[in-house]
Protein chains: 2
Amino acid sequence: MNLTTAAMEAAYQENLAAFEAWKAKNLRLNMARGKPSAAQLDSISDILTILNDPKDCIVDGVDARNYGELSGLPCAKEYWADVLGCKKEEVFVGGTASLTLMYDLISKAYSHGLRNSRQPWCREEKVKFLCPSPGYDRHFRITESFGAELITIPMTENGPDMDMVEKLVADPAVKGIWCVPKYSNPQGIIYSDETVRRMANLKPAAPDFTIMWDNAYCVHEFEGDFVPFADIITLCREAGNPDMVYEFASTSKITFPGAGISVMASSVDNIKYISKLLGVQMISYDKVNQLRHVKYLQNKEHTLEIMKRHAQIMAPKFKVVLDTLDREIAPLEFAKWNRPKGGYFVSLDTMPGTAKRALALCKEAGVVMTDAGATYPYGVDPQDSNIRIAPSLPPIAELEQAMEVFCICLKLAAFEKLLNK
Amino acid sequence: MNLTTAAMEAAYQENLAAFEAWKAKNLRLNMARGKPSAAQLDSISDILTILNDPKDCIVDGVDARNYGELSGLPCAKEYWADVLGCKKEEVFVGGTASLTLMYDLISKAYSHGLRNSRQPWCREEKVKFLCPSPGYDRHFRITESFGAELITIPMTENGPDMDMVEKLVADPAVKGIWCVPKYSNPQGIIYSDETVRRMANLKPAAPDFTIMWDNAYCVHEFEGDFVPFADIITLCREAGNPDMVYEFASTSKITFPGAGISVMASSVDNIKYISKLLGVQMISYDKVNQLRHVKYLQNKEHTLEIMKRHAQIMAPKFKVVLDTLDREIAPLEFAKWNRPKGGYFVSLDTMPGTAKRALALCKEAGVVMTDAGATYPYGVDPQDSNIRIAPSLPPIAELEQAMEVFCICLKLAAFEKLLNK
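Remember, it's a predicted structure, so these values are computed and weren't measured experimentally.

Novice: A description of the nonpolar core should follow, citing residues and the corresponding values.
Specialist: Ranked by size, the top nonpolar core spans 121 residues in total, and within it W80(A) and W80(B) carry the most contacts. Those residues within four positions of W80(A) in sequence are excluded, and the remaining contacts are G85(A), V91(A), V93(A), A249(A), S250(A), T251(A), I261(A), S262(A) and V263(A). Core analysis: the second largest hydrophobic core is formed by 70 residues, L114(A), F140(B), Y246(B) and Y285(B) among them.

The following block contains the structure:
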């Protein structure tokens, strides 16, 4: 930004006036979370009636309406094995949220220990967890909730900084790492083949080191064709680390966020071990809903067709975000952002020390964003720079307004800092 | 039983021949668990299509299909408040299983502590839990899984032995009690008003002593009219123990066991506290299914009408059980059993030392029953006497066969013992 102080002052005043004008409109816009829009939900709402005959509830000799089948309906396991490229014996089908499966895994590690644990984590003097950042706040909060020390791992354009990860896993207190390998939250980065290979070949000191492989956006392209991904379970097995990874996914952003199905996949031994613990907690997840989803989504191929329909709704929203940033912010050069082809977010790094202020201004003008800092462990971004933009929920017209306001607030916060206001 | 040895020997031989004849038929009958029958599930399967218009998914300004509303849809809270007689602010609506809510509560007590805990239970030197027995094996297993010492409390015809409970809660290591207050599993006992009052007025030494009030059969009469029950949450509050109880229920035996909705109710403070912990584990349970259930079940009154339909299926099954026992076993006087008017089980106490043997014989003849001992802590019935009969699943014709076989096996085991075979 090569502006004179006077030019900056003029730009500041101009944006301040624009800000006040927006404020007067009493907007109530929300770009806080990766929530699908009503249009997107409507586009798949025929799933509500796909299972309507009680006779259809009986498959493979199992009545989906009744008790039983802890690890899920066989057809639901086949569906997920197809999507994830793993074996159906490696699959445990969950309820509406993969987040719950992740939480329950960490919770059981804490209270009972995992398959290769020497003792439950609550008996360890210290548990540390690696958190590639910016990352997903709900991941970090799970391990924080169980008292783990969260260690920030910088993200590169190829995924987490693997030099640092390889070094840190030599500490036996380091028990795991959070990963979103495809269209990472929030940066939309796809881990490179090299990153995935190095991850599978880690040699951690902790025998129960666990890669939490949250493949949340595995089929979530909104631009271009489906990008294939490696089966991390096979890679870990081949690297001599068969029990080191648990993979997660869900239909939250394929069908209904509040009422989909989820999956946890890992080695057959891990699934056996964890099923024994989960068998105390439940008799099974909702098999009627599993059946509904299998009938509706059918297989990976058909799921990708449905995702193409979602893409038609999502792509224009990301275009609004990027176009507005390109027009309003790019010339000033004080922020940079990614240009993802899938996932749910645009991650933006603004002038250090101004992210909180910018979002406070947004809030004042009626635009709610994900809290600044949320993408870092403990909700604290040491640079106060990263902002997660979630454009999926608002209709285009609202999104355009919200992005206008957002850019004004970004600029105001930057000018305030530069001008020592 | 006033038989001569010779008469017993003759009776033994007669039953042995009958047993061999049944065995030759290669039956495969199951009275192991309280699973509703296919007929019962069919009778409510119109719930599958009750929610078919996407527009109906939006209630009270909330889109049930999307993320949000951790503690459940307002209308689902109102439904459960109506059924349980508590306030809707005291309600947290869960997923398919109340068992999971119970597990999660104990799990969080263990890892984080409850609202009034001095420390998480995993930091306590010893945790003890009271288990009225015979009782529900899955309850006992939850607390056993977290390392608690299980203490057997004898059941009386009015509920748990309250003299013993009142004495034991003076021990600060005693952290709670499992209760099924209406149609207890397996005896079908309804706790007397006096028992409920004494329970609410306990003065436990542990500040976080918790009554796990599993009202699983709250509307599950199969004979006679609905039996009202007191609101335990109000009773505890009035007794100065507002945070001492968590009540649970579900639609598992109202709609679908694998795909219903569940509830946890407690003081507003407790619900606030536990919601904060549950908010790390999930974004919400399945609100589409909550809505489906509210539309279908409507309110307590309509739910009771549906339960009358279930009763028409259930009552004849209990009649088969009791008629067969009255005919085959009563004259011999070596066993006694209850005659419940609701719930899912008949509890039978046979000649001490013969329950395991009787059920092993049943298994040999192709009739699977709940394991002997399952109704006691650690799966060990000190008397080897109690057997839980679950007649809900098999059709009448199969049930008649299964009960014939069961009575023969009971007699064989008793004669074996009396004749020192």
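Following the structure, the description resumes.
Novice: Any chance you could break down the sheet that holds strand β15 (residues 386-389) of chain A for me, citing the residues and the numbers?
Specialist: Residues and elements named next belong to chain A. Taken in spatial order, the 3 strands of this open sheet run β12-β13-β15, and their pairing is antiparallel. Looking along the sheet, the strands with just one partner apiece sit at the ends: β12 (336-337) and β15. In the packing of helix α11 (residues 300-328) onto the sheet, contacts are made with β12, β13 (346-349) and β15, and the angle to β13 comes to roughly 20°.

Novice: Which residues make up the sheet that holds strand β10 (residues 245-250) of chain A, and what are the values?
Specialist: Residues and elements named next belong to chain A. Overall, mixed pairing links the 8 strands, which are arranged β4-β11-β10-β9-β8-β5-β6-β7 in an open sheet. Pairing within the sheet leaves two strands with one partner each, and these edge strands are β4 (91-94) and β7 (159-160). Pairing analysis gives 6 bridges linking strand β5 (residues 128-133) to strand β6 (residues 149-156), with the strands arranged parallel. Bridge assignment links C131 to a residue of β6, and that residue is T152.

Novice: Give me the packing of helix α3 (residues 74-84) of chain B against helix α10 (residues 287-297) of chain B: which residues, what numbers.
Specialist: Residue and element names in this part refer to chain B. For the pair α3 and α10, the least separation of the axes is 9 Å and the interaxial angle reads 50°. Judged by the inter-axis angle, α3 sits oblique to α10. In this structure, α3 meets α10 at a crossing whose hand is left-handed. Along the contact surface, α3 presents C75, A76 and Y79, while α10 presents Q290, L291, V294 and L297. A class-by-class count of the residues in the contact of α3 with α10 yields 6 nonpolar, 1 polar and no charged.

Novice: Account for the side chain of R138(B), naming residues and giving values.
Specialist: Here R138(B) shows up in helix α5 (residues 137-145). Here R138(B) occupies a buried position and makes no salt bridge, while the nearest side chain of opposite charge, D137(B), is found at 5.2 Å. Apart from the residues within four sequence positions on either side, R138(B) is in contact with G279(A), I283(A), R33(B) and L99(B).

Novice: Before we move on, can you summarise the pattern of salt bridges with the specific residues and values?
Specialist: The tally for this structure, following the rule as stated, stands at 54 salt bridges over all chains. For R339(A), the salt bridge identified is with D326(A), shortest N-O distance 2.7 Å. Linking R339(A) in the loop between β12 and β13 with D326(A) in helix α11, this pair joins segments that are 13 residues apart in sequence. D163(B) is the salt-bridge partner of R198(B), the closest N and O atoms lying 2.6 Å from each other. Placement of the pair is R198(B) in helix α7 (residues 193-200) and D163(B) in helix α6 (residues 162-168), with a sequence separation of 35 residues. Through salt bridges with shared partners, one network takes in R327(A), E328(A), E404(A) and K411(A).

Cut-offs used in this document
- Residues numbered from 1 in each chain as written.
- Chains lettered and ligands numbered in written order.
- Predicted model: local features only at pLDDT ≥ 70, side-chain atom pairs only at ≥ 80, totals over all residues.
- Heavy atoms only, no water.
- Core = buried A, V, L, I, M, F, W, Y, C linked by side-chain atoms within 4.5 Å.
- Buried < 20%, exposed > 50% of the residue type's maximum accessible area, 1.4 Å probe, protein only.
- Contact = heavy atoms within 4.5 Å.
- Pairing = 2+ DSSP bridges.
- Helix = DSSP H or I, 4+ residues; strand = E, 2+ residues; numbered from the N terminus.
- Axes fitted to C-alpha atoms, helices over the stretch in contact; angles between N-to-C directions.
- Parallel < 35°, antiparallel > 145°, perpendicular 65-115°, else oblique.
- Left-handed = near helix turned anticlockwise from the far one by under 90°.
- Nonpolar A, V, L, I, M, F, W, Y, C, P; charged D, E, K, R; others polar.
- Lys, Arg positive; Asp, Glu negative; His and termini not counted.
- Salt bridge = Lys/Arg side-chain N within 4 Å of Asp/Glu carboxyl O.

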